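Chain by chain, the residues run as shown.
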Amino acid sequence: MDKAKAPEVIGVKDSVPNLYSNPNSEAKYYSLSFQASVLAIKKRKPPSLVSLCLGVIGRHFEDIIEDLTEIAANFPSNMKMALVAIARRRRLLNDNVIVALADSSWEILDLSGSEVSDIGLLQVVETCKHLQAVDISRCSKLTSAGVSELLLKCQSLEILRWGGCPRSENTARRCFALLKPTLEHVEGESWEELDTSEIAHGATSLRWLLWPKIEKDQLESLSDECPRIIVNPKPSPLGYRGIDVPRGARLDVSLDDPIVEDIDPKTWAVSGFVPRKSASSVSSTEELPVAEKFRLAFLERDNRLAPKRAKNARQHQRRAEKEWVMMNSRAKALALASLASKSLNIRN
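Remember, it's a predicted structure, so these values are computed and weren't measured experimentally.

Draft legend 1. Geometry of the overall build of the protein. Counting secondary structure elements, the protein contains 14 helices and five strands. Across the 348 residues in the protein, those meeting the buried criterion constitute 30%. Contacts spanning at least 24 positions in sequence make up 65% of the contacts within the protein whose residues lie at least 6 apart.

Here it is, written out as structure tokens:
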């Protein structure tokens, strides 16, 4: 009986995958399958109600900018920060938006690629005095005046991102000296007698600097005079020189990504919406051809000088009429007669 069943058993065994030929590979396969199923479950996790509401607000953000101060007055700080991240991605972040949403409890501030100027940045640093990570890269409207105030007033700043466009690179070079400690004129016989405020000014707590296009001599100067600042760290499993690189100090991620990770990306990819650009921003963009830049510059100059040309034309016409009256005796007589008749009418 057992011998009769042996061929059947062998056939069944041959038809079933050999699960025991390579136990390690099968265990690895099932482990990967389990991990994939867990990740799929995590991805299918529905967004929170707050994230859904922020998504709706973000799709119509341009409609509420004028009343944003009143609308967001009672919003918690994390919702305000999410709205800033959405506005930045939709190219709607400017002085009015950032000032209306600024909150004193913020520890990170991502303004990269925005239209925020020195005016908005100065008001924000007055409100947000506990910032630890700031991204001002590709902010063409920020100058050294605004960035210097940021470095001087944010005493808890540890991560700074700047550069990325010609104007931002120029601003970074002009503010580079503020990153290094300076020694004021003090009287004392030894370094131990110096006060901390007399040694360091500016970014005293800065630890990580993300500046992809930093020049070699600036990098060497910073490493010699201020070795505590690590420039453009490269993350690795073992850290950077034995130090764990914080997420905000990585070049491959945005500073505000965790804030909007639960919000639908379609929020800042609204179809049919084209951000309004001023004539100055259009004429200053580097992606336009040289011929187009010259054409826009000529049109701007022509529109600026049009009122002056019209005024000169009117003055020339009046001068020509006056000269004609003075040179022509008949016209002069008519002009005198007209003046005489006017004087008679006034007397009567």
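Draft legend 2. Here's a closer look at the sheet that holds strand β1 (residues 108-110). The parallel open sheet is built from five strands, whose spatial order is β1-β2-β3-β4-β5. One side of each edge strand has no neighbouring strand; the edge strands of this open sheet are β1 and β5 (230-231).

Draft legend 3. Quick look at unusual backbone geometry. Even without glycine at this site, R91 takes up a positive phi of about 60 degrees. Looking at the element boundaries, R91 is found in the loop between α5 (77-89) and α6 (95-101). Classification of R91 by relative accessible area gives exposed; the value is 54%.

Draft legend 4. Layout of helix α13 (residues 290-327). End to end, α13 covers 52 Å across 38 residues, agreeing with the expected 56 Å (1.5 Å per residue, within 8%). Of all the bends in α13, the largest measures some 40 degrees and sits at L305, one to four residues before the proline P307.

Draft legend 5. Quick look at the pattern of salt bridges. Considering all chains together, one arrives at 14 salt bridges under this definition. The salt bridge involving R90 is made with E62; its shortest N-O contact spans 2.9 Å. Placement of the pair is R90 in the loop between α5 and α6 and E62 in the loop between α3 (49-59) and α4 (68-71), with a sequence separation of 28 residues. Since its relative accessible area comes to 4%, R90 is described here as buried. Under the relative-accessibility criterion, E62 is labelled partly exposed at 28%.

Draft legend 6. Local environment of a negative patch on the surface. Negative charge collects at one region of the surface, where E215, D217, E220 and D224 lie side by side. On the secondary structure map, E220 appears in helix α11 (residues 216-225). Using a relative accessible area of 41% as the deciding quantity, one classes E220 as partly exposed.

Draft legend 7. Structural context of the environment of I243. Within the secondary structure, I243 is located in the loop between β5 and α12 (279-284). With a relative accessible area of 29%, I243 lands in the partly exposed category.

Draft legend 8. The packing of aromatic side chains, seen in detail. Enumeration over the complete set of coordinates arrives at two aromatic pairs. Here the aromatic cluster, defined as three or more aromatic residues joined through ring pairs, consists of W162, F176 and W211. Over the aromatic face of W268 sits the side chain of R89, whose NZ or CZ is 5.3 Å from the ring centroid.

Draft legend 9. Molecular detail of a positive patch on the surface. On the surface, a cluster of positive charge is contributed by K308, K311, R314, R318 and R319. One can find R318 in helix α13.

Draft legend 10. Summary view of the confidence of the model for the protein. Within the protein, residue pLDDT values average 77, and 73% of them lie at 70 or more. Per-residue pLDDT stays below 50 along residues 37-41; that stretch engages in zero contacts with residues further than four places along the chain or on separate chains. This stretch, residues 196-200, has a pLDDT under 50; its non-local contacts, to residues over four places away or in other chains, come to 10 contacts.

Draft legend 11. Here's a closer look at the packing of α3 against α5. Relative orientation of the contacting elements α3 and α5 amounts to 40 degrees, with a least axis distance of 10 Å. When the axes of α3 and α5 are compared, the pair comes out oblique. Every pair of crossing elements has a handedness; the one defined by α3 and α5 is right-handed. Seen from α3, the contacting residues are V50, L54, I57 and G58; seen from α5, they are M79, A82, L83 and I86. Counted by class, the contact of α3 with α5 contains seven nonpolar, one polar and no charged residues.

Draft legend 12. Region of interest: the environment of S48. Relative to the helices and strands, S48 is located in the loop between α2 (23-43) and α3. We classify S48 as partly exposed; its relative accessible area is 33%. Between the C-alpha atoms of S48 and I263, which are 215 residues apart in sequence, the distance is 8.8 Å.

Draft legend 13. Inspection of the nonpolar core at higher detail. I136, L160, W162 and L179 are the most contacted members of the largest nonpolar core, which totals 55 residues. Mapped onto this core, the elements with two or more residues apiece are α5, α6, α7 (118-127) and α8 (144-153). Sequence-distant contacts of W162, that is, excluding residues within four places in its chain, are made with I136, S137, V147, S168, A172, C175, F176, L179, L209, L210, W211 and P212. Counting eight residues, the second-largest nonpolar core is a separate cluster that includes W208, L210, I230 and A249.

Draft legend 14. Structural context of the side chain of K80. Structurally, the position occupied by K80 is in helix α5. A relative accessible area of 8% places K80 in the buried class. When sequence neighbours within four positions are dropped, the list of residues in contact with K80 reads A72, A73, F75, L101, A102, D103 and W106.

Reading the values: rules and limits
- Residues numbered from 1 in each chain as written.
- Predicted model: local features only at pLDDT ≥ 70, side-chain atom pairs only at ≥ 80, totals over all residues.
- Heavy atoms only, no water.
- Helix = DSSP H or I, 4+ residues; strand = E, 2+ residues; numbered from the N terminus.
- Buried < 20%, exposed > 50% of the residue type's maximum accessible area, 1.4 Å probe, protein only.
- Contact = heavy atoms within 4.5 Å.
- Pairing = 2+ DSSP bridges.
- Expected span 1.5 Å × (residues − 1).
- Bend = angle between axes of the 7 residues up to and from the residue.
- Salt bridge = Lys/Arg side-chain N within 4 Å of Asp/Glu carboxyl O.
- Patch = residues over 30% accessible without salt bridge, like charges linked within 9 Å, V, L, I, M, F, W, Y side chains within 5 Å.
- Areas by Shrake-Rupley, 256 points an atom, 1.4 Å probe, with all protein chains shown as cover.
- Lys, Arg positive; Asp, Glu negative; His and termini not counted.
- Charge placed at Lys NZ, Arg CZ, Asp CG, Glu CD.
- Phe/Tyr/Trp six-rings, centres within 6.5 Å; stacked < 30°, edge-to-face > 60°.
- Lys NZ or Arg CZ within 6 Å of the ring centre and 35° of its normal.
- pLDDT = per-residue confidence, 0-100.
- Axes fitted to C-alpha atoms, helices over the stretch in contact; angles between N-to-C directions.
- Parallel < 35°, antiparallel > 145°, perpendicular 65-115°, else oblique.
- Left-handed = near helix turned anticlockwise from the far one by under 90°.
- Nonpolar A, V, L, I, M, F, W, Y, C, P; charged D, E, K, R; others polar.
- Core = buried A, V, L, I, M, F, W, Y, C linked by side-chain atoms within 4.5 Å.

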